[in-house]
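Overview (structure and organization)
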Amino acid sequence: MRDSILPRRGFLRTVAGGSAAVAAAAALPAGCSRDYPQAQAAGVDLRALSEKQYAVARAAAEVIVVDTPVSPDAIAAGIDAELAVAGEPMLSDMRTVLSLMEHGTILALQPRRFTALSPAARTRVLQSWATSRFNLRRAAYQALRGFVIYFAWVDDATRPLTGFPGPWPEYMNVPAYPVDFGDIA
């Protein structure tokens, strides 16, 4: 049982490493819009993410969800719209994840930014994050993957793939009628 307890040094290393990574991601510049034209090219009016963060989400969607009728632009736009509604702390956490993914490619032995990599290289980077021995990298991967998959499969275009007929109001007409509950004391 003693072996399952995280020793003090292990705890301090984990906290220090995670804090350093988050601090580094927060210190990174947002990037010039000319470096990240994806949102503008897709005609997306961003509400929560920067153009750089949108580009990272889009690049991840290109390799995480393959052979679906949902475009990477639609997935990244869905992520942006949802984060605008959700607000803090989810928004700042996801911004950190996207920044870490864009510039953390060096941890997967890739010298270029995530958005500048080929799809095959992006897949390798994501796989290295998914199987990393560091909790922070695995958690960042799972957060990004979860968002991408969710926004791919909630799109109506995937209904033929899943066989989901849609929410019942779309295919049933249930008339509203008044209900008399009697006297309520």
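Located above this text is the structure these notes cover.
Residues numbered from 1 in each chain as written. Predicted model: local features only at pLDDT ≥ 70, side-chain atom pairs only at ≥ 80, totals over all residues. Heavy atoms only, no water.

1. Structural notes on the layout of surface pockets
The condition that has to hold: Put plainly, a pocket is an open set of points on a 1 Å grid over the protein atoms alone with protein on both sides within 12 Å along at least five of seven lines, a cavity is a set where a 1.4 Å probe fits but cannot get out, and a lining residue has an atom within 4 Å of a point. Grid points are joined across faces, edges and corners, and a volume is the space filled by probe spheres set on the points. The helix count covers DSSP runs of H or I at least four residues long, the strand count covers runs of E at least two residues long, and both are numbered beginning at the N terminus. In this classification, Asp, Glu, Lys and Arg are treated as charged, Ala, Val, Leu, Ile, Met, Phe, Trp, Tyr, Cys and Pro as nonpolar, and every other residue, Gly included, as polar.
Of the pockets and cavities examined, the second largest pocket occupies roughly 200 Å³. Of all elements in the fold, only α5 (90-103) and α7 (135-153) reach the threshold of two or more residues within the lining of the second largest pocket. For the lining of the second largest pocket, the element with the highest residue contribution is α5, accounting for six residues. Taken together, the residues of the lining of the second largest pocket break down into ten nonpolar, one polar and one charged.

2. Let's talk about the packing of aromatic side chains
Rules: Classification of ring pairs uses Phe, Tyr and Trp, with its six-membered ring standing for Trp, and accepts pairs whose centres are within 6.5 Å; under 30 degrees between planes counts as stacked, over 60 as edge-to-face, and the remaining range as tilted. The rule is simple: take the accessible area with a 1.4 Å probe, protein chains only, and divide by the maximum for that residue type; under 20% is buried, over 50% is exposed, in between is partly exposed. Each ring is checked for a lysine NZ or an arginine CZ that lies within 6 Å of its centre and within 35 degrees of its normal; such an atom marks a charge sitting over the ring.
Going through the model one piece at a time under the given rule, you end up with two aromatic pairs. With a centroid separation of 6.3 Å and 35° between ring planes, the pair formed by F147 and F151 is classed as tilted. Taken together, the residues span about one helical turn, with F147 and F151 both in helix α7 at a distance of four residues. On the accessibility criterion, F147 (19% relative accessible area) is buried. Between Y150 and F151 the ring centres are 4.9 Å apart and the planes differ by 85°, which places this aromatic pair in the edge-to-face class. By the ring-pair criterion, three or more aromatic residues cluster together here, those being F147, Y150 and F151. For R137, the ring lying beneath its charged end belongs to W129, and the centroid distance is 5.0 Å.

3. Brief notes about helix α6 (residues 119-130)
Defined as follows: Every helix has an expected span of 1.5 Å times one less than the residues it contains. Within this analysis, the arc is defined by the directions that extend from the helix axis to the C-beta atoms. Contacts were defined at the residue level, with two residues in contact if any of their heavy atoms lie within 4.5 Å.
In this model, α6 (twelve residues) spans 16 Å end to end at C-alpha, consistent with the 16 Å of a helix rising 1.5 Å per residue. Restricting attention to buried positions, one finds in α6 the residues A121, R122, V125, L126 and W129. The buried side chains of α6 occupy one side of the element, clustering within an arc of 140° when seen end-on. Contact partners of the buried residues in α6: α3 (51-64), α5 and α7.

4. Here we look at the nonpolar core
The line we're drawing: Only buried residues count toward a nonpolar core, which is a set of Ala, Val, Leu, Ile, Met, Phe, Trp, Tyr and Cys residues joined through side-chain atoms within 4.5 Å.
By size, the foremost hydrophobic cluster in this structure holds 35 residues, and its most contacted members are I75, I79, L83, M101, F114, L144 and V148. If we ignore the near neighbours within four places in the chain, the residues touching L83 are A48, L49, M90, L91, M94 and F147.

5. What about the side chain of T105?
In this structure, T105 sits in the loop between α5 and α6. Residue T105 is classed as buried on the basis of its relative accessible area, which comes to 2%. Once you skip the residues sitting within four places of it in the chain, T105 turns out to touch Q110, R112, R113, F114, L117 and V125.

The quantities given are spatial measurements derived from coordinates; they are silent on function.
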